[in-house]
Amino acid sequence: MTYEEIFAKAQSLFGKGDAAGFDGDFAIQVNITGEGEGAFYIAYKNGALDIAPYEYHDRDAKLIANAENFLKIAEGELGAVPAFLSGKLKVEGSTEKALELDKLITYMKKKAKDESKSAAQSAKNAKTEKAAGKNGKKK
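Residues numbered from 1 in each chain as written. Predicted model: local features only at pLDDT ≥ 70, side-chain atom pairs only at ≥ 80, totals over all residues. Heavy atoms only, no water.

K.L.:
Please explain the pattern of salt bridges as it appears in this structure.
P.N.:
Oppositely charged side chains can pair when the atoms bearing their charge come close. The final tally for this structure, using the stated rule, is five salt bridges. Linking Lys45 and Asp25 is a salt bridge whose minimum nitrogen-to-oxygen distance equals 3.3 Å. With Lys45 in strand S2 (residues 38-45) and Asp25 in the loop between helix H1 (3-16) and strand S1 (26-33), this pair connects stretches of sequence that are 20 residues apart. Residue classification places Lys45 among the partly exposed positions, given a relative accessible area of 33%. Notably, a salt bridge pairs Glu100 with Lys103, separated by 3.6 Å at the nearest N-O pair. In this pair, Glu100 and Lys103 are both assigned in helix H4 (residues 95-137), three residues apart and thus about one turn of the helix distant. (Salt bridge = Lys/Arg side-chain N within 4 Å of Asp/Glu carboxyl O. Helix = DSSP H or I, 4+ residues; strand = E, 2+ residues; numbered from the N terminus. Buried < 20%, exposed > 50% of the residue type's maximum accessible area, 1.4 Å probe, protein only.)

K.L.:
What should I look at first to understand the pairing of strand S4 (residues 61-66) in this one?
P.N.:
Both faces of the sheet carry side chains from a regular strand, because those side chains alternate between them. Counting buried positions along S4 yields five of six residues, so the element is predominantly enclosed. Here six bridges tie S1 to S4, and the two strands are oriented parallel to one another. Pairing of Val30 across the sheet is with Leu63, part of S4. In this structure, S4 lies alongside strand S5 (residues 90-93), joined through four bridges in antiparallel fashion. (Pairing = 2+ DSSP bridges.)

Spelled out as structure tokens, the structure:
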């Protein structure tokens, strides 16, 4: 993967998630090592999520990982703590602020799952109401 592909994937993952209501505040620089090497930042300030393809010198923390491991973390497939403990992720700066990113990922994933369940329930209710309406017309 190229740096541009990695950044686009990260931007897509964070951009499609709904962070509204998340209670956090952080500025994290992500340094990708190995294939696709490069840096970008992810910041959540005053309720707004921002991702940009450059180094962020006024950061709270820096995460260092290869593309595969970072994208697994971003997708919620690999927790930041297990990744850190196994050496797949390095953190420089505030580990507390770095964990805010992990909390945001978990929050967005849960919110998407809850919204999906709600939409499925609404569709099921609409189908039931429609069927009840058809049954009522036959009488």
